[in-house]
There are 2 protein chains.
Amino acid sequence: MNQEKGILVVFSGFAGSGKGTIMKELMKRYPDTYALSVSATTRDPRPGEIEGREYFFKTEDEFLRLAHENQMLEFAQYVGHYYGTPRAYVEQKLEEGYDVILEIETQGALKVKELMPDTLLMFVTPPDADTVFNRLTGRGTEDTQTINRRMAKAYEESNIIGAYDYWVINDDLESCVEEVHAIIQNEHSRTCRKKEQIKCMKQQLSCYVK
Amino acid sequence: MNQEKGILVVFSGFAGSGKGTIMKELMKRYPDTYALSVSATTRDPRPGEIEGREYFFKTEDEFLRLAHENQMLEFAQYVGHYYGTPRAYVEQKLEEGYDVILEIETQGALKVKELMPDTLLMFVTPPDADTVFNRLTGRGTEDTQTINRRMAKAYEESNIIGAYDYWVINDDLESCVEEVHAIIQNEHSRTCRKKEQIKCMKQQLSCYVK
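Nothing here was measured: the structure is a model prediction, and the numbers come from that model.

A. Expanded view of the overall build of chain A. Scanning chain A for helices and strands turns up 8 helices and 9 strands. Along the longest, intermediate and shortest principal axes, the C-alpha atoms of chain A span 75 × 45 × 30 Å. Counting across all 210 residues of chain A, residues that qualify as buried make up 47%. As displayed, chain A has an accessible area near 10,600 Å², and 48% of this comes from carbon and sulfur atoms. Charge-centre separation for chain A: the mean point of 26 positive side chains lies 4 Å from the mean point of 34 negative side chains.

B. Here's a closer look at the environment of L8 of chain A. Residue and element names in this part refer to chain A. Take L8: it is sitting in strand β1 (residues 8–13). Residue L8 is classed as buried on the basis of its relative accessible area, which comes to 3%. In the structure, L8 is positioned 181 residues away from S189 in sequence and 15 Å away in space, judged by C-alpha atoms. Not counting chain neighbours up to four residues away, the residues in contact with L8 comprise L73, V90, L94, V100, L102, V112, M116, T119 and L120.

C. Structural detail: the packing of aromatic side chains. The final tally for this structure, using the stated rule, is 22 aromatic pairs over all chains. Ring centres of Y55 of chain B and Y83 of chain B lie 6.0 Å apart, and the angle between their planes is 65°; on these two criteria the pair is classed as edge-to-face. Here Y83 of chain B lies in strand β6 (residues 81–86) and Y55 of chain B lies in strand β4 (residues 55–57), a separation of 28 residues in the sequence. Among the aromatic residues, ring-to-ring pairing joins Y55, F57, Y78 and Y83 of chain A into one connected group. Directly above the ring of F75 of chain A sits K111 of chain A, whose terminal nitrogen or CZ lies 5.9 Å from the centroid.

D. Up close: the nonpolar core. Membership of the largest hydrophobic core comes to 36 residues, with the highest contact counts inside it found for F11 and M122 of chain A together with F11 and M122 of chain B. Setting aside residues no more than four positions away along its own chain, F11 of chain A makes contact with I22, M23, L26, I101, L102, E103, I104, M122, V124, V180 and I184 of chain A.

E. Looking closely at the environment of V177 of chain A. Residue and element names in this part refer to chain A. Relative to the helices and strands, V177 is located in helix α7 (residues 173–187). Among the residues examined, V177 registers a relative accessible area of 0% and is labelled buried. Considered as a pair, V177 and I161 are 16 residues apart in the sequence and their alpha carbons are 19 Å apart. In this structure V177 touches I22, E25, L26 and R29, once residues within four positions along its chain are discounted.

F. Region of the structure containing the side chain of S189 of chain A. Structurally, the position occupied by S189 of chain A is in the loop between α7 and α8 (195–206). With a relative accessible area of 8%, S189 of chain A lands in the buried category. Once residues lying within four places of it in the same chain are set aside, the contact partners of S189 of chain A are K194 of chain A together with D165, Y166, W167, E179 and I183 of chain B.

G. Examining the relation of the copies chain B and chain A more closely. Between chain B and chain A, the superposition needs a rotation of 180° and an axial shift of 0.0 Å, giving an RMSD of 0.0 Å. Taken together, these values place the two copies in the relation of a two-fold axis. When the interface residues of chain B are mapped onto chain A, 100% of them again lie at the interface, so the same face is used by both copies.

Thresholds, definitions, all that
- Residues numbered from 1 in each chain as written.
- Chains lettered and ligands numbered in written order.
- Predicted model: local features only at pLDDT ≥ 70, side-chain atom pairs only at ≥ 80, totals over all residues.
- Heavy atoms only, no water.
- Helix = DSSP H or I, 4+ residues; strand = E, 2+ residues; numbered from the N terminus.
- Buried < 20%, exposed > 50% of the residue type's maximum accessible area, 1.4 Å probe, protein only.
- Areas by Shrake-Rupley, 256 points an atom, 1.4 Å probe, with all protein chains shown as cover.
- Lys, Arg positive; Asp, Glu negative; His and termini not counted.
- Charge placed at Lys NZ, Arg CZ, Asp CG, Glu CD.
- Contact = heavy atoms within 4.5 Å.
- Phe/Tyr/Trp six-rings, centres within 6.5 Å; stacked < 30°, edge-to-face > 60°.
- Lys NZ or Arg CZ within 6 Å of the ring centre and 35° of its normal.
- Core = buried A, V, L, I, M, F, W, Y, C linked by side-chain atoms within 4.5 Å.
- Least-squares fit on C-alpha atoms with pLDDT ≥ 70 in both.

In short, geometric facts, not functional conclusions.
Encoded structure:
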């Protein structure tokens, strides 16, 4: 684990981009470097779900109060329940030095960046549109209408890639995971994330100046 | 060599930071990826120096005309002669797909960034001020006055690190060279450097949308 503050990394990507798998691999390979964000929800816990592990379970009043106080980095309603990303948990993990990873859709990603401008936005896609289509049809579980809807959504999302910091192509999972890891770790060397250390270097050098 | 356009990378750093060695190592290890910028000068060629290899040799009139037309990315006068970075050579190598590397002082680096905003600025330093001092004294070739002057210059330069994109610490040469290489290569995945490819992906996806 780094002693310095971690980076919040948001992943989005087309259906079939494998972003979920990339995140799981990062957690498996570098458990001391990364932490997964834990969402909050107003739905009831299911058997076996533990508070703070699967979700933070909230009443609707609690949830909406947090959202109103900008304590939800983003949130949305889905089948009658709220789901969102509590800021406090993310900030705690960042303070502990973890790079915190979060998988959300494009709208949510832009909201997070607005509330926490240091957030690193990464967009994952297959190498080309044919591969997007082939991966969706290859699953063999989706009907034509669903596939058409997902292709239309990918088309829509392609308008927003430019608002992300990085565009990563998942052609070969193995090399993609290592590329994503390298990008995040190199991001720590950006001067805008090193303000304290630059101040410290300047301070040290001043002792040598007569 | 990448088929896409290369990135112009400018290195600056404290005396004793090893930035020259890092650049030589990059050229040695990845000759198909990197090209060194070639400077222009108004001084006479020395025996063995070849036009376009050590320098582009210019008359003062030619040099100043190029500078006036913004065809020098930066230039300075030194012991009665002009030295500068011709834009044409850099752009030719970038078009060929090379990442072009250039070692210059902080003033010149900021001028280059002004004329070519896509330039990647990297600042290299030893891990701390004591190491800066120890490396300078350890050479055993500089007198106290020179060392004091260099420490004072490092102090001055520490005010400008924040204007660079990345701050790289050269503690262990081997890992520093690979870190620098990874930073430059990952920079190719920034969405601001992928505008054409994003457009192309969007175009491909549009064919699937009824």
